[in-house]
Amino acid sequence: MIYVLTGITILFVAIGFILTEKNAKNLLSGYNTMSKEEKEQFNLLSYISFFRNFHYFLGFTNLFFGLLCYYLVGEKETGIFIGVYPVLAYIYFIWNSRSFTKKKNHSNVGIVVLVAALVFVIGVFAWGMQENQMFIEEASIKIEGSYGEKITSPQIAAITLGASLPVLARKTNGFALGGIKKGYFKTKEGELVKLVVNSEECPTILIETKEGKKIYFSDEKTVIEQLTKQLQEKYSGVLN
């Protein structure tokens, strides 16, 4: 997470540093489409100063408050901050940049797009952070919530308590934020596994199917040891 914060800070500062009066016609969106008269009325130097100061401020405040959040609150909250803070900052930026141009409609469209992006980001966080639960049904195990699924009793090959999570190389299709990992991940050995892990600090249940699929599950609200015992007793007839 520290590397992500540092990388984002460098990116924002670099964006502010790169823009100059000479390359504005190529790099500054909207300016290169203005007519000659519009460019003469546009205070380019003031805008470049505003643009640079904003990105310098955004970069350093992102790093400062991100580190503060990481060390005082937690990794999960830092991930939320990284996803939300820049979007809010750019809404502020576009709103205040309206004073440099008479074309307000373009700015309004940009603000609408960013607000929609903010709602989407918040929705993804809310969906991914929703606590999953595991239920023992008559002939299946059901995991509810994001990336949940139903595993029927004929599919079950093994149920293990306290299985350590494999060393992950990358996420292929899923959600990852701090100790929350949900979806499909590739291990360093190249194996594809499914994680429905609500917290890495809790014991983990590993369910292996006869097709070779591995599903790791953890839940802060469930007594995992008790749940594992119930599962093993329920499906003792089909376990290897």
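I will try to describe carefully the structure that is included in this document. If you're wondering where the values come from, they're calculated on a predicted model, not measured in any experiment. (Residues numbered from 1 in each chain as written. Predicted model: local features only at pLDDT ≥ 70, side-chain atom pairs only at ≥ 80, totals over all residues. Heavy atoms only, no water.)

So, about the sheet that holds strand β3 (residues 149-152). One open sheet holds the 3 strands; their spatial order is β1-β2-β3, and the pairing between them is antiparallel. In this open sheet, the two edge strands, each paired with only one partner strand, are β1 (133-136) and β3. The mean angle between the axes of side-by-side strands here comes to 15°, regardless of whether they run parallel or antiparallel. As defined by bridge partners, strand β2 (residues 140-144) adjoins β3 across 4 bridges and the pair is classed as antiparallel. Its bridge partner being in β3, I143 is matched across the sheet by E149. Running at roughly 30° to β1, helix α7 (residues 224-234) makes contact with β1 and β2 of the sheet. (Pairing = 2+ DSSP bridges. Helix = DSSP H or I, 4+ residues; strand = E, 2+ residues; numbered from the N terminus. Axes fitted to C-alpha atoms, helices over the stretch in contact; angles between N-to-C directions. Contact = heavy atoms within 4.5 Å.)

Our focus in this paragraph is a nonpolar patch on the surface. A cluster of nonpolar side chains, contributed by F64, F65, L68, Y71, L72 and V73, occupies part of the molecular surface with about 680 Å² of accessible area. Mapping F65 onto the fold places it in helix α4 (residues 44-72). (Patch = residues over 30% accessible without salt bridge, like charges linked within 9 Å, V, L, I, M, F, W, Y side chains within 5 Å. Areas by Shrake-Rupley, 256 points an atom, 1.4 Å probe, with all protein chains shown as cover. Salt bridge = Lys/Arg side-chain N within 4 Å of Asp/Glu carboxyl O.)

Here the focus is the sheet that holds strand β5 (residues 168-177). Read from one edge to the other, the open sheet built from 6 strands follows the order β4-β8-β9-β7-β6-β5, with strand pairing classed as mixed. Two strands bound the open sheet, and with one partner strand each, they are β4 (156-161) and β5. The average angle at which neighbouring strand axes cross in this sheet is 20°, direction not considered. As judged from the 8 bridges shared by β5 and strand β6 (residues 180-187), these two strands associate in the antiparallel manner.

With that settled, consider the packing of aromatic side chains. Inspection of the entire model under this criterion finds 14 aromatic pairs. Arranged with centres 5.4 Å apart and planes meeting at 65°, the rings of F54 and Y90 form a pair that is edge-to-face. Placement of F54 in helix α4 and of Y90 in helix α5 (residues 75-97) is noted, with a sequence separation of 36 residues between them. Measuring from ring centre to ring centre gives 6.5 Å for F125 and F175, while their planes differ by 80°; the resulting arrangement is edge-to-face. Of this pair, F125 sits in helix α6 (residues 104-129) while F175 sits in strand β5; the two residues are 50 residues apart in sequence, bridging distant segments of the chain. Grouping residues by exposure puts F125 and F175 together as buried. A network of ring pairs unites the aromatic residues F12, Y47, F50, F51, F54, Y90 and F93 as a single cluster. (Phe/Tyr/Trp six-rings, centres within 6.5 Å; stacked < 30°, edge-to-face > 60°. Buried < 20%, exposed > 50% of the residue type's maximum accessible area, 1.4 Å probe, protein only.)

So, on to the side chain of D219. Along the chain, D219 falls in the loop between β9 (214-218) and α7. Those residues within four positions of D219 in sequence are excluded, and the remaining contacts are E131, N132, Q133, N198, C202 and I224.

What follows concerns the environment of A157. Counting through the fold element by element, A157 comes out in strand β4. Taking the C-alpha atoms as reference, A157 lies 8.6 Å from E211; in sequence the two are 54 residues apart.

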